[in-house]
Amino acid sequence: MPNNERPLYKSTDDDLDLVDDPIVSSENEVKDTRSERLKEWKSFFQNLFDFRPDKENDLDILAGVKQDSDMVGTRLWVLICAILVASLGLNTNSTAVIIGAMCISPLMGPIIGFGTALGTYDFELLKRSLRNLALTTLFSILTATIYFLVSPIKHPTEELIARTYPTVYDVMIAFFGGFAGMIAVCTKSKGQVLPGVAIATALMPPLCTAGYGIANGMFSYFMGSFYLFVINSVFIALATYFAVKLLRLPQKSFVNPAREKRVHRIIAVISVCVLAPSLYMGIKLVKESLFEQRVHTFVSEAFDFNETVVLRSEVTQLNGQKKLNVILMGNPIPQTTVDSLRRLMPKFHLNNVLLDVRQNFEGEEFDINALRTGVLQDLYQRSDEVISRQSRTIDSLTQKLKHYTSYGAMQRELIKEMKILFPEVDYAFFASTAASDAPDSTLQVVVQHAQRKTIQRKELGKMESWLKERTGSPKVKIILAE
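Residues numbered from 1 in each chain as written. Predicted model: local features only at pLDDT ≥ 70, side-chain atom pairs only at ≥ 80, totals over all residues. Heavy atoms only, no water.

## Digging into the packing of helix α7 (residues 123–150) against helix α11 (residues 204–215)
At a minimum axis separation of 7 Å, α7 and α11 run at an interaxial angle of 50°. Taken together, the axes of α7 and α11 lie oblique to each other. Here α7 and α11 pass one another in a crossing that is right-handed. Taking contact as the criterion, the partners of Thr137, Ser140, Ile141, Ala144, Thr145, Phe148 and Leu149 in α7 are, on α11, Leu207, Cys208, Ala210, Gly211, Tyr212, Ile214 and Ala215. (Axes fitted to C-alpha atoms, helices over the stretch in contact; angles between N-to-C directions. Helix = DSSP H or I, 4+ residues; strand = E, 2+ residues; numbered from the N terminus. Parallel < 35°, antiparallel > 145°, perpendicular 65-115°, else oblique. Left-handed = near helix turned anticlockwise from the far one by under 90°. Contact = heavy atoms within 4.5 Å.)

Structure, rendered in structure tokens:
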């Protein structure tokens, strides 16, 4: 190479060592392998939860939601028939009939339309959904009221009573049911999901119960059931809103920017006015459910007396002060015990609750029907507990007796076979130390050897193996009688 020419790159020994270093190459291979595995796992989970292959076209989804939110003609008649069927089921306490009515009910349409309108800023769909929801609510309550006015059965059934107050579980069911319903609307395989969503969210029975309350003058039934319907509807709409955002359905565009801002502002105000109170009510329901659970636990554990039963327990509230009223019947408990129960309440997180214990009708006028119901329920419960406990005891003793007598039944045959196989044996007695299915079950065999004969250790080993095989016992212990 000429002196005036210089190499473009001059390698050094360090560079060669770096390239050929086996440790560095091994580390690079490990990093590449980890990166490939992470990509594989990421791709696996993406494909696992990817709903896009089954998703309908966005325009078709919105068109279907708008169509389902309308309640005219056929849909309105189907709704009226479904309300009548559900009212019959509630009146006759038939769960199967109620489920069938919910399957054909079109009540989900306007609620899903309302949630979709909030998520896509579609003001026209919002007005249409609210108008149709009000229409369906009015017709549902009116139809149920007319039915219960002419129905000869006036006594409230268990199915009716169950729809008179919401719980935190109703909120959760409505939210997740609404989320599943919106995803089902957006997919091609919607036919199998929507009937299940309609059954789970249970929108129709509360409206029927509200009609029952109006027809029979029971205002508490109307308020409780209508409150349940509102809670379910709002949380279905809230779940639909989140599903629309997750599915990234296109928002409605406006030519006039000023109109777009105004529509967005109106929808935001409506969303806050509807959702904020519902979220507050949902949180309140959670607190009430936890409080009721603590009260139930306290009454069931603290008032467990042999000769005294709890007829009724209820929580009342006056001027912000909660009071637990417990009605007892039977052997009166002393005042010292009542004081001890009051001191026990903070352990159940009932610090600010007053305890009022009434015993054997003192100072109270009781509803004879409520009294009869309470007594019968307590008797049935205690009878079931006693019968169940006695049945378990009898079964256990029967199994033990059967096990202990099983060896006695085969004892004669075993002794005959033992005398033939082991002439040194004169007599044997069999007994087990535990149940036959226990892992430590041991068969004890007391062996009496014949006169002037001894049993060798080798013969004892053979005898033990034979007894295990013959009796099926996992352990055998041979005791030589002197």
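## A word on helix α16 (residues 457–471)
For the α-helix, the turn length of 3.6 residues means that residues three or four positions removed from each other point alike. Between the first and last C-alpha of α16 there are 21 Å, a value that for 15 residues agrees with the 21 Å anticipated at 1.5 Å per step. Of the positions making up α16, those classed as buried are Glu459, Met463, Trp466, Leu467 and Thr471. Taken down its axis, α16 places every buried residue within 105° of arc, on the same side. Exposed and oriented more than 90 degrees from the buried face of α16 are Arg457, Lys458 and Glu469. Phi turns positive one or two residues past the end of α16, at Gly472, with a value near 75°. (Expected span 1.5 Å × (residues − 1). Buried < 20%, exposed > 50% of the residue type's maximum accessible area, 1.4 Å probe, protein only. Arc of directions from axis to C-beta.)

## What to know about the environment of Val244
Along the chain, Val244 falls in helix α12 (residues 219–247). Residues Val244 and Gly115 lie 129 residues apart in sequence; the distance between their C-alpha atoms is 8.1 Å. With residues up to four places along the chain from it excluded, the contact list for Val244 reads Thr116, Gly119, Thr120, Met182 and Leu249.

## Some points on the packing of aromatic side chains
For the structure shown, the criterion picks out 13 aromatic pairs. Between Tyr147 and Phe148 the ring centres are 5.1 Å apart and the planes differ by 75°, which places this aromatic pair in the edge-to-face class. Tyr147 sits in the buried class, given a relative accessible area of 15%. Counting every residue linked through ring pairs, the aromatic cluster contains Tyr147, Phe148, Tyr212 and Tyr221. (Phe/Tyr/Trp six-rings, centres within 6.5 Å; stacked < 30°, edge-to-face > 60°.)

## So, the nonpolar core
Ranked by internal contacts, the top residues of the largest apolar core, which has 56 residues, are Leu126, Phe148, Met182, Leu203, Met204, Cys208 and Leu249. Setting aside anything within four residues of it in sequence, one finds Phe148 in contact with Ser87, Asn91, Lys154, Leu160, Cys208, Gly211, Tyr212, Ala215 and Asn216. Counting residues in hydrophobic clusters, the runner-up holds 20 residues, among them Phe291, Phe303, Phe305 and Val338. (Core = buried A, V, L, I, M, F, W, Y, C linked by side-chain atoms within 4.5 Å.)

## A few points about the side chain of Ser140
Position of Ser140 among the secondary structure elements: in helix α7. With relative accessibility at 1%, the residue Ser140 sits in the buried group. Dropping the residues within four chain positions of it, Ser140 is found in contact with Leu79, Ile83, Leu107 and Leu207.

## As for the sheet that holds strand β2 (residues 321–330)
Overall, mixed pairing links the three strands, which are arranged β1-β2-β3 in an open sheet. Single-partner strands in this sheet number two, and they are β1 (308–318) and β3 (353–359). Neighbouring strand axes in the sheet, compared pairwise and without regard to direction, differ in orientation by 20° on average. Bridge count between β1 and β2: ten bridges; the pairing is antiparallel. The residue bridging Glu314 from the neighbouring strand is Asn325, located in β2. (Pairing = 2+ DSSP bridges.)

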